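What follows is the residue order along each chain.
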Amino acid sequence: MKLPYLPILAIVLALGAGYARADDMKGMDSKTGSTMDMPMGEKPIGKTHHAVGTVKSVDTGKRTVTISHGAVKTLNWPAMTMTFGVKDNAMLKQFAQGKKVEVDFVQEGSDYNIVKVK
């Protein structure tokens with residue numbers, strides 16, 4: 001019994017392996033193969049966005065801050081009030097209700113986390 005679909009299956013598997021290898025190379029320098037100063041065990045952070053606004057509330061227990069911010073052009077967002085995650089406890093201390101802030105943030109899954117505050 002001949003299996004005519006075997007050559008097609010072999011091609012699909014070979015292409016899939018090449019795609020997976022290319023995906024593993026994200027964040028690597030194409031000339032040296034290094035991870036471009038990424039600390040071990042950390043995944044590359046996505047695109048950083050910038051917002052300017054006023055702190056509405058801080059929840060230290062949940063490590064979140066709610067900010068009423070202006071438009072974010074890189075995401076085509078209008079001005080709005082939203083809650084951001086803050087993973088760094090030292091950074092969380094820089095927020096106070098009513099304080100004007102400039103923040104840089106990244107999207108991680110469905111969350112938006114602040115990585116820098118001024």
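Conventions and cut-offs
Residues numbered from 1 in each chain as written. Predicted model: local features only at pLDDT ≥ 70, side-chain atom pairs only at ≥ 80, totals over all residues. Heavy atoms only, no water. Helix = DSSP H or I, 4+ residues; strand = E, 2+ residues; numbered from the N terminus. Buried < 20%, exposed > 50% of the residue type's maximum accessible area, 1.4 Å probe, protein only. Contact = heavy atoms within 4.5 Å. Areas by Shrake-Rupley, 256 points an atom, 1.4 Å probe, with all protein chains shown as cover. Phe/Tyr/Trp six-rings, centres within 6.5 Å; stacked < 30°, edge-to-face > 60°. Core = buried A, V, L, I, M, F, W, Y, C linked by side-chain atoms within 4.5 Å. Pairing = 2+ DSSP bridges. Polar contact = N/O pair within 3.5 Å; in protein donor to acceptor, adjacent residues only side chain to side chain.

**Some thoughts on the overall build of the protein chain**
- Summing up its helical and strand segments, the protein chain has two helices and five strands in all.
- If you list the helices and strands of the protein chain from N to C, you get α-β-β-β-α-β-β.
- The buried share among the 118 residues of the protein chain stands at 24%.
- Once local pairs closer than 6 in sequence are excluded, the contacts in the protein chain between residues at least 24 apart make up 43%.
- With an accessible surface of roughly 8600 Å², the protein chain has 58% of that area assigned to carbon and sulfur atoms.

**With respect to the packing of aromatic side chains**
- Following the criterion strictly, the structure yields four aromatic pairs and no others.
- One aromatic cluster is present, formed by Trp77, Phe84, Phe105 and Tyr112 through successive ring pairs.

**Focus: the nonpolar core**
- Ranked by internal contacts, the top residues of the largest apolar core, which has 18 residues, are Val65, Ile67, Phe84, Phe95, Val103, Phe105 and Ile114.
- Among the secondary structure elements, those contributing two or more residues to this core are β1 (48-59), β2 (64-69), β3 (80-85), α2 (89-92), β4 (100-108) and β5 (111-117).
- Excluding residues that lie within four positions of it along the chain, Ile67 makes contacts with Gly53, Thr54, Val55, Lys56, Met80, Thr81, Met82, Phe84, Phe95, Val101, Val103 and Ile114.

**Observations concerning the pairing of β2**
- A large share of β2 lies buried, amounting to five of its six residues.
- Relative to β2, β1 runs antiparallel, the two being bridged by six bridges. Opposite Val58, over in β2, you have Val65 as the bridge partner.
- Counting the residues that bridge the hairpin from β1 to β2 gives four residues, and of these Arg63 lies at a positive phi of roughly 55 degrees.

**Brief notes about the environment of Lys100**
- As for its position among the elements, Lys100 is in strand β4.
- Separated by 45 residues in sequence, Lys100 and Val55 place their C-alpha atoms 6.4 Å apart.
- Here Lys100 is in contact with Gly53, Thr54 and Lys118, once residues within four sequence places are set aside.
- Among the polar contacts listed, one links the side chain of Lys100 to the side chain of Thr54, at a separation of 3.3 Å.

The values reported here are purely geometric and, on their own, carry no functional implication.
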